[in-house]
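These are the residues of each chain, in order.
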Amino acid sequence: MTLPCELLGMKSGSCIQEIRTEKSVAEIAQSLLFLQGHPYSLKQYPMFVDIFNSGHKRVLMRSGRQVSKTVTLAAKMVTSALCMPYTPVLYCNASSAQTSSFSTSKLAPFLLQSPVVFRNFMQGPKIIDNVFNKRLSNFSEIRLSYFSENADRVRGNSADSMYLDEIQDMLYDAMIDAEECMSAAQDPRVVYAGTSKTTNTPLEYLWQLSTRKEWIIRCEGCGKWNRPSQENIGLRGLICKKCGHELDTFSGHWHSQVDNNKVSYVDGYWIPQIIMPIHCCSAEKWARLLEKLENYPKIKFDNEVMGMPSGEGDSPITEATIRAACRENILMQECITEENAGEARYIVAGIDWGGGGQAGVSRTVLSIFAVYPELPLYRLIYGKIYDNGEPARHVEDIAARLIRFGTYMVCGDHGGGNFALSQLRGLLPGHMRLIPIMYSDASSPYRWDDRAYRYIVNRTVLIDDFFTDLKKGVIECFRWSEFQHMAKDILAVRQIVIGEDRGLTRRVWRHAPQEPDDSLRSMVFGWFGARVMSNRMDFTPAL
């Protein structure tokens with residue numbers, strides 16, 4: 001690696017501006033950084049050496065709580081910014097509070113308490129040192145932001161590397177949008193980190209695509225190699241699950257649980273509390289861990305101590321519920337007829353634009369409703385799932401169908417589909433209202449943004465009330481045999497609770513990235529437009 005001369009104790013005006021070193025990234029971090037008045041050291045954290053030194057473009061830390069995950073993120077981030085001048089780095093958490101906490105309690109100490117770093121990189125007129133932006137004297141810049149439901153807040157940033165923290169609380173679609181910040185980078189790098197909750201989070205999705213490395217320890221008594229599990233929890237520390245002999249976590253190493261010949265999307269590391277010396281080599285900490293094993297609910301112990309998921313989350317919607325909303329006498333047809341939309345006052349459509357994620361997983365979907373405000377009744381009369389690919393490929397076909405159905409209002413997602421919405425606007429007649437919808441985690445159910453001519457809505461509230469209308473019979477769908485393929489997307493979502501670790505819990509709807517919810521999103525957009533036209537804006541606030 002090439003290091004700036006300042007890091008080697010040379011004056012910046014020297015004719016030798018950079019010097020080649022054989023040190024690894026982990027060694028450089030330990031030689032430069034200080035924390036709480038002492039040199040930063042990985043002696044008690046041998047598991048993180050490989051994470052620092054990983055050459056993979058994407059690295060994942062799937063961990064329990066209190067394993068030094070965020071300190072490692074900060075150290076890796078600072079080392080990168082020091083060693084590579086003019087490097088833009090972007091850190092994102094799932095909440096503003098967590099981002100601020102990371103900046104002040106994890107990132108700032110490395111920059112301000114490390115003598116070499118502070119003396120050479122944190123002084124001068126060009127320095128920026130605030131909570132959400134750090135610019136060093138070598139013009140590397142660390143920007144900090146946050147997002148959960150959508151990535152609009154981070155749009156406009158450019159980055160060569162990104163650090164996404166607490167990704168179990170992020171919407172995967174928003175993560176895909178956020179990573180567009182690196183679209184111009186020559187060698188983009190991403191580090192993901194989080195603590196598992198359910199199996200349908202971005203964290204678990206990426207873990208399944210990863211190298212799935214586990215810290216295995218060979219028993220000195222019987223020779224068995226031990227993979228971390230609750231069976232390794234003994235009264236005084238780690239024990240062999242076969243013979244009960246004490247295990248030495250310092251003798252362990254990372255081992256991939258996938259075929260070595262397979263190229264993985266992510267270099268993944270599972271870091272439960274039980275393998276960390278700060279826990280398993282401390283009598284006091286181990287006693288506390290045993291208390292957790294005895295007193296914590298199994299779900300909480302699995303999540304916070306073992307760093308493992310538990311369950312899929314809950315859903316109030318079943319296949320039977322959806323079948324009950326389908327009307328066998330209503331066929332999906334390519335135009336308005338007396339049978340599917342007789343006496344309807346309005347025709348309203350919803351569009352969810354695809355294009356993010358893996359092929360076949362994120363699709364563009366069009367849903368068209370016949371609206372009867374007086375009843376009220378919102379009847380889904382048409383739905384089409386387009387093949388995967390850029391949304392712009394489908395704009396002309398969608399425009400033709402909207403015109404054919406005599407659509408009055410179209411609601412579409414503002415995020416990744418904003419460009420497609422702009423194209424669509426140019427193909428529609430002037431009287432047809434085209435309204436962008438942007439997701440937000442704000443507490444209010446919705447608000448109209450007159451400046452941007454769009455609705456900003458709470459995703460959880462909309463899905464909650466959509467399901468309420470579905471169960472009450474306010475929403476009808478065409479016959480089950482034709483609707484079944486769209487129904488799968490409804491059944492894919494689960495409700496989970498996020499923010500427990502920061503004391504700001506809230507319930508959200510999530511889906512496994514490999515199980516799309518595009519049809520549901522399209523229907524929710526169309527249904528929202530139907531409620532706007534019906535003047536039914538009394539949405540239930542999120543709990």
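> Please give an account of the pairing of strand S11 (residues 189-194) that cites residues and values.
In terms of burial, S11 is a largely internal element, 5 of the 6 residues being buried. Inspection of the sheet shows strand S5 (residues 58-63) paired to S11 by 5 bridges, in the parallel sense. Bridge pairing in S11 links Arg62 to Gly194. Here strand S10 (residues 161-165) pairs with S11 via 5 bridges, running parallel. Opposite Tyr163, over in S11, you have Val191 as the bridge partner. Taken together, S10, helix H6 (residues 172-178) and S11 constitute a β-α-β crossover, and its handedness is right-handed.

> Residues and numbers for helix H9 (residues 283-295), please.
Here H9 contains 13 residues, and its C-alpha end-to-end distance of 18 Å stays within 8% of the 18 Å for a straight helix at 1.5 Å per residue. For H9, the complete set of buried residues consists of Trp286, Leu289 and Lys292. For H9, the angular spread of the buried residues around the axis is 110°, confining them to a single face. Opposite its buried face, H9 presents the exposed residues Ala283, Glu284, Glu294 and Asn295, each directed more than 90 degrees away. Contacts from the buried residues of H9 go to helix H8 (277-280) and helix H10 (298-304).

> For the packing of helix H3 (residues 69-83) against helix H4 (residues 96-113), give the residues involved together with the corresponding values.
Running from N to C, H3 and H4 point in directions that differ by 45°, and their axes come no closer than 9 Å. In terms of orientation, H3 lies oblique with respect to H4. Crossing handedness for the pair H3 and H4: right-handed. When H3 is examined against H4, the residues Thr70, Val71, Leu73, Ala74, Ala75, Met77 and Val78 are found in contact with a partner set consisting of Phe102, Lys106, Leu107, Phe110 and Leu111.

> Could you give me a rundown of the confidence of the model for the protein chain, with the residues and numbers involved?
Residue-level pLDDT values for the protein chain average 90, and 93% of them are 70 or greater. Contacts of residues 10-19 to residues separated by more than four positions or lying in other chains number 17 contacts, the stretch itself having pLDDT below 50.

> So what about the side chain of Ser522? Which residues, and what values?
Examined against the element boundaries, Ser522 turns out to sit in helix H17 (residues 518-533). A relative accessible area of 0% means that Ser522 is categorised as buried. Aside from chain neighbours lying at most four places away, what touches Ser522 is Gly350, Ile351, Asp352, Val365, Leu366 and Ser367.

> Please set out the packing of helix H16 (residues 480-491) against H17 residue by residue, giving values where relevant.
Remark: H16 packs on H17, axes separated minimally by 6 Å, with the N-to-C direction vectors making an angle of 95°. Judged on the interaxial angle alone, H17 and H16 are roughly perpendicular. Between H16 and H17, the residues in contact are Phe483, Met486, Asp489 and Ile490 and Asp518, Ser519, Leu520 and Met523, respectively. Taken together, the residues of the contact of H16 with H17 sort by class into 5 nonpolar, 1 polar and 2 charged.

> How would you summarise the packing of aromatic side chains if you had to cite specific residues and measurements?
Considering all chains together, one arrives at 23 aromatic pairs under this definition. Ring centres of Trp448 and Tyr455 lie 4.8 Å apart, and the angle between their planes is 65°; on these two criteria the pair is classed as edge-to-face. A relative accessible area of 13% means that Tyr455 is categorised as buried. Cluster of aromatic residues (ring-pair linked, three or more members): Tyr446, Trp448, Tyr453, Tyr455, Phe466, Phe467, Trp509, Trp527, Phe528 and Phe539. When the ring centre of Tyr296 is taken as origin, the NZ or CZ atom of Lys300, which lies over that ring, is 4.4 Å away. Its guanidinium or amino end placed over the ring of Phe539, Arg531 lies 4.3 Å from that ring's centre, counting from NZ or CZ.

> Can you lay out the sheet that holds strand S19 (residues 409-413) for me, pointing to particular residues and giving the numbers?
The 8 strands are arranged S21-S22-S20-S19-S16-S17-S18-S23 in an open sheet whose pairing can be described as mixed. The strands lining the two open edges of the sheet, one partner per strand, are strand S21 (446-449) and strand S23 (475-477). The average undirected angle you get between the axes of adjacent strands in this sheet is 25°. Here strand S16 (residues 346-352) runs beside strand S17 (residues 365-372); their pairing, made up of 7 bridges, is antiparallel. The residue bridging Val348 from the neighbouring strand is Phe369, located in S17. Packed on one face of the sheet, helix H14 (residues 418-425) meets S16, S19 and strand S20 (433-440) and runs near 170° to S20. Sitting on the sheet, helix H15 (residues 459-472) is in contact with strand S18 (377-385), S20, strand S22 (454-458) and S23, with an inclination near 80° to S22.

Criteria and cut-off values
- Residues numbered from 1 in each chain as written.
- Predicted model: local features only at pLDDT ≥ 70, side-chain atom pairs only at ≥ 80, totals over all residues.
- Heavy atoms only, no water.
- Buried < 20%, exposed > 50% of the residue type's maximum accessible area, 1.4 Å probe, protein only.
- Helix = DSSP H or I, 4+ residues; strand = E, 2+ residues; numbered from the N terminus.
- Pairing = 2+ DSSP bridges.
- Right-handed = clockwise from strand over helix to strand, strands pointing away.
- Expected span 1.5 Å × (residues − 1).
- Arc of directions from axis to C-beta.
- Contact = heavy atoms within 4.5 Å.
- Axes fitted to C-alpha atoms, helices over the stretch in contact; angles between N-to-C directions.
- Parallel < 35°, antiparallel > 145°, perpendicular 65-115°, else oblique.
- Left-handed = near helix turned anticlockwise from the far one by under 90°.
- pLDDT = per-residue confidence, 0-100.
- Nonpolar A, V, L, I, M, F, W, Y, C, P; charged D, E, K, R; others polar.
- Phe/Tyr/Trp six-rings, centres within 6.5 Å; stacked < 30°, edge-to-face > 60°.
- Lys NZ or Arg CZ within 6 Å of the ring centre and 35° of its normal.

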